[in-house]
Amino acid sequence: MSIAINKQKCVGCGRCQNVCPGSLIKIDESGKAYIKYPKDCWGCTSCIKECPVHAINFYLGADIGGMGSMVHTEKSGDILSWIIEKPQGDTIKIDINQRESNKY
Ligand code: SF4
Ligand code: SF4
C-alpha cells in the first residue's frame, strides 16, 4: 500500500504531515509534501481525506483487486466523495454522507 503526492497540486499546507500517524510525510525545501518511505504507509487514508487540493492519491494495487487504480477524496459539505480512477481512464465515484457514518 502506498500513496502518491502530486507536487504540482500541493500547496504546502502541512495538513497531511500533521495527520499521518506514522510521521511518514515531510515537507521539502520548496514547501511541497513528500513521503520518504512509501512502503511504510499502511493505507489509513487520513492524509488523503485531509488534503484540501486533492493532491494525494492512494494506490489500489492488484493484490486488493484495484489493478493499479488510484483513489482520492473530494469534500462538499457533509458529502465525502471517494473517486476511483482506473488505468483505462474510467472513473467511479462513491458519495458518503458523513452525518450518517455512524448510522449502521
Ligand atoms: S495513508 Fe495514512 S499511513 Fe499512509 S501516508 Fe497517509 S496518513 Fe500516513
Ligand atoms: S495536505 Fe495536500 S496540499 Fe497540504 S501539504 Fe499535504 S499534499 Fe500538500
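Structural data are supplied above this passage.
Residues numbered from 1 in each chain as written. Chains lettered and ligands numbered in written order. Predicted model: local features only at pLDDT ≥ 70, side-chain atom pairs only at ≥ 80, totals over all residues. Heavy atoms only, no water.

*Asks:* Help me out: how do you make sense of the site of ligand 2 in this one?
*Replies:* Around ligand 2, a shell composed of Ile 5, Cys 10, Val 11, Gly 12, Cys 13, Gly 14, Cys 16, Ala 33, Cys 51, Pro 52, Val 53 and Ile 56 is seen. Among the detected pockets, ligand 2 sits in the second largest cavity. Here the residues of the shell around ligand 2 sort into 10 nonpolar, two polar and no charged. (Near = heavy atom within 4 Å. 1 Å grid on protein atoms, 1.4 Å probe; cavity = no way out; pocket = protein on both sides within 12 Å on 5 of 7 lines; lining within 4 Å. Sits in = over half its atoms within 2 Å of the grid points. Nonpolar A, V, L, I, M, F, W, Y, C, P; charged D, E, K, R; others polar.)

*Asks:* How do you make sense of the site of ligand 1 when you look at a structure like this?
*Replies:* All residues in the neighbourhood of ligand 1 are listed as Ile 3, Cys 20, Pro 21, Ile 25, Ile 35, Cys 41, Trp 42, Gly 43, Cys 44, Thr 45 and Cys 47. Mapping ligand 1 onto the cavity grids shows that it belongs to the largest cavity.

*Asks:* Just to check I follow, could you spell out unusual backbone geometry for this structure?
*Replies:* Both trends apply: most residues other than glycine have a negative phi, and most peptide bonds are in trans. Positive phi outside glycine occurs at Ser 23, with the angle close to 50°. The topology assignment puts Ser 23 in the loop between helix H1 (15-19) and strand E2 (25-27). One non-glycine residue, Thr 45, adopts positive backbone phi at about 70°. For Thr 45, the location among the structural elements is in the loop between strand E3 (33-35) and helix H2 (46-50). The exposure class assigned to Thr 45 is buried, which follows from its relative accessible area of 15%. (Helix = DSSP H or I, 4+ residues; strand = E, 2+ residues; numbered from the N terminus. Buried < 20%, exposed > 50% of the residue type's maximum accessible area, 1.4 Å probe, protein only.)

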